[in-house]
Amino acid sequence: MDIQNLKDYIVDNSLISVVLENLGCHHIIHKTGYYTAGNPDGDNRAAISVYENEYITTLDYTRDIVRNGRVSDIFDLVQYFKESNFFDAVKTVCEWIGLNYYADPNDNLPESLRITKLILEMQQGDEIDNDNKPVKPISEKILSYYQPFVNDFFKSDNISYSTQAEFEVGYDEFSNRITIPIRDELGTLVGVKGRLFKREIDQSESKYIYIEPTNRSKILYGLNKTLPYITKNKKVFVTESEKGVMQLWDMGYYNAVATCGKKVSQSQIEKLTRLCADIVFLFDKDVQREELSELANRFIDCVNIFAVIDSKNILDEKESPTDNPKKFKRLLEDCCERIK
């Protein structure tokens, strides 16, 4: 679910009061541009103010509903009183207002605007920003099409058989590819990535493809498994690849996610910010310090951003920070820098 689209939907359809009612708030009053209400467990009738702006800015004068200093919104309020994580809070709000968590924000567009948008996407091709394309659930039955086989390719890259099994790695006989199921933050199957089962890849071949496509710009791979550890450690390692998450898991670092590529979308930045944790980027050696600084500047100021920058040439030219456990420990000790 795109958070800004959801906020727009709530405001445009006057659903703030519905959320407050379902949360158990009392004495809900609509004033000019905002609502006031009492906390579900409090006597103050105006402890909460929820503003009808694009952020749905929410203030609770008697509760500390946000942990990292950013401006709080209605999802923080739900998260606080439901004692849940952000993603469960969003799903809960969707249920309360009768909206599918996986709804396409373009479903309510007039047909003429849909056609215009489609023509624009065709004209712009790969340059179009895909952040607004929704993630769609796919059937769990799809995984039964693949063999539940672990492989020595990943094992030689320091991903044990047990970790491969934990992340449901398999094999597709039809395409001769190692399969990596892609699940969203709620654990819903939304895609399958395939790695060609060959050591030497021809120029005409793609090492990785999506056997079952998904919008990777809305996914933080591994978050469905690693969120409890991120919350506990208040730190999240961010790798480029799904393999990086598995490699770290094998080393005992369970608090990691992957952006599934070098490009980090605004949707992924929003999700990382909502983790209320220090962020440590573990991107490949070819990502320059300037690129990491530009990325860090896209986050709000209250988020602590770190990055492993191989200033001591610990890594080989095409080696990722998580490929070698001994080198990774050295990188953390000697090359982890705060960049914001």
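Residue numbering note: each chain is counted from 1, following its sequence as written. Two thresholds apply to this predicted model, a pLDDT of at least 70 for residue-level local features and 80 or more for giving and counting side-chain atom pairs, whereas whole-chain, interface and lining totals are computed over all residues. For side-chain calculations, the full set of non-hydrogen atoms in the structure is used, while hydrogens and water are omitted.

Draft legend 1. The arrangement of the packing of helix α2 (residues 16-23) against helix α3 (residues 74-82) in detail. In this analysis, axes come from line fits to C-alpha atoms, helices being fitted only over the stretch in contact, and the angle between any two N-to-C directions falls in the range 0 to 180 degrees. Per the convention used, a helix needs a DSSP run of H or I reaching at least four residues, while a strand needs a run of E reaching at least two, with both numbered from the N terminus. At a minimum axis separation of 11 Å, α2 and α3 run at an interaxial angle of 10°. When the axis of α2 is compared with that of α3, the two are roughly parallel. For the pair α2 and α3, the contacting residues are I16, V19, L20 and L23 in the first and I74, L77, V78, F81 and K82 in the second. Classes in brief: Ala, Val, Leu, Ile, Met, Phe, Trp, Tyr, Cys and Pro nonpolar; Asp, Glu, Lys and Arg charged; the others, Gly included, polar. Classifying every residue of the contact of α2 with α3 by side-chain character gives eight nonpolar, no polar and one charged. With respect to orientation, any angle under 35 degrees is reported as roughly parallel, any angle over 145 as roughly antiparallel, any angle of 65 to 115 as roughly perpendicular, and every other angle as oblique. Residue contacts are counted whenever heavy atoms from the two residues lie within 4.5 Å of one another.

Draft legend 2. Examining the environment of S217 more closely. With respect to the secondary-structure elements, S217 resides in the loop between β8 (208-212) and α8 (223-233). The class of S217 is buried, set by a relative accessible area of 7%. Remark: the alpha-carbon pair of S217 and S265, spanning 48 residues in sequence, is separated by 5.5 Å. Throughout this description, a polar contact denotes any pair of N or O atoms lying within 3.5 Å of each other; where both atoms belong to protein, one of them has to be capable of donating a hydrogen while the other can accept it, and for residues adjacent in sequence the pair is counted only when both atoms sit in side chains. Within the structure, S217 has its side chain in polar contact with the side chain of N215 (distance 2.6 Å). Buried means the residue's accessible area, taken with a 1.4 Å probe over protein chains only, is under 20% of the maximum for its type, while exposed means over 50%, and partly exposed covers the values in between.

Draft legend 3. Local environment of the packing of aromatic side chains. Ring pairs shown here join Phe, Tyr and Trp side chains whose ring centres sit within 6.5 Å, with only the six-membered ring taken for Trp; geometry is labelled stacked below 30 degrees between planes, edge-to-face above 60, and tilted in between. Under the definition given, this model contains 17 aromatic pairs. Here the aromatic rings of Y101 and Y102 are separated by 5.0 Å at their centres, their planes lie at 80°, and the arrangement is edge-to-face. Classification of Y101 by relative accessible area gives buried; the value is 6%. Take Y102: its relative accessible area is 11%, and that puts it in the buried class. Ring geometry for F237 against Y253: centres 5.7 Å apart, planes inclined by 90°, an arrangement best described as edge-to-face. In this pair, F237 is assigned in strand β9 (residues 235-239) and Y253 in the loop between α9 (242-251) and β10 (256-258), connecting sequence segments 16 residues apart. Grouped by ring-pair contacts, the aromatic residues F167, Y221, Y229, W249 and Y254 constitute a single cluster. Counted as over-ring charges are cases with an Arg CZ or a Lys NZ within 6 Å of the ring centre that also lie within 35 degrees of the ring normal. Above the plane of the ring of Y161 lies K155, whose end atom (NZ or CZ) is 5.6 Å from the centre. Positioned over the ring face of F167 is K225, at 5.7 Å from the centre of the ring.

Draft legend 4. Structural detail: unusual backbone geometry. Positive phi is not limited to glycine here, since H27 has a value of about 50°. Among the secondary structure elements, H27 is positioned in strand β1 (residues 26-31). Since its relative accessible area comes to 40%, H27 is described here as partly exposed. A positive phi is found at C260, a non-glycine position, where the angle reads about 60°. Note on placement: C260 falls in the loop between β10 and α10 (266-274). With a relative accessible area of 11%, C260 lands in the buried category.

Draft legend 5. Summary view of the nonpolar core. Counting residues in each nonpolar core, the largest one holds 58 residues, and the members touching the most others are L272 and F281. When residues in this core are grouped by element, the largest group, seven residues, is from helix α4 (residues 86-96). Leaving out residues up to four positions away in the same chain, F281 has contacts with V238, L272, L292, L295, F299, I305, F306, A307 and V308. Among the nonpolar cores identified, the runner-up in size contains 17 residues, and V135, I182, V190 and Y221 belong to it. By nonpolar core is meant a set of buried Ala, Val, Leu, Ile, Met, Phe, Trp, Tyr and Cys residues that side-chain atoms within 4.5 Å join together.

Draft legend 6. View of the sheet that holds strand β7 (residues 189-196). In this description, strands pair whenever DSSP reports at least two bridges between them. The antiparallel open sheet is built from four strands, whose spatial order is β5-β6-β7-β8. Of all strands in the sheet, those with a lone pairing partner are β5 (170-172) and β8, marking the two edges. Going from strand to strand, the sheet's axes swing by 40° on average, the running direction of each strand aside. Running over the sheet, α9 touches β6 (177-183), β7 and β8 and is turned about 85° from β6.

Draft legend 7. The side chain of D310, seen in detail. You can see D310 is positioned in the loop between β12 (305-308) and α12 (325-334). Only 3.3 Å separates the side chain of D310 from the side chain of K285, close enough to count as a polar contact. A polar contact of 2.7 Å, which involves the side chain of D310, links it to the backbone nitrogen of I314. If sequence neighbours within four positions are ignored, D310 has contacts with K285, L315, L331 and C335.

Draft legend 8. The arrangement of the pattern of salt bridges in detail. Any Lys or Arg side-chain nitrogen found within 4 Å of a carboxyl oxygen on Asp or Glu counts as a salt bridge. Taken as a whole, this structure holds 23 salt bridges when the rule is applied. A salt bridge links K271 to E185; its shortest N-O distance comes to 3.0 Å. Of this pair, K271 sits in helix α10 while E185 sits in the loop between β6 and β7, placing them 86 residues apart in sequence. In terms of burial, K271 and E185 fall into one category: buried. For D310, the salt bridge goes to K285, with nearest N and O atoms at 3.3 Å. Of this pair, D310 sits in the loop between β12 and α12 while K285 sits in the loop between β11 (278-282) and α11 (289-296), and the two are 25 residues apart along the sequence. In this structure D310 comes out as buried when scored by relative accessible area, which is 13%. In the salt-bridge network here, residues are joined through shared partners; they are K7, R70, D73, D76, E270 and R274.

These results come straight from atomic positions and should not be treated as a statement about function.
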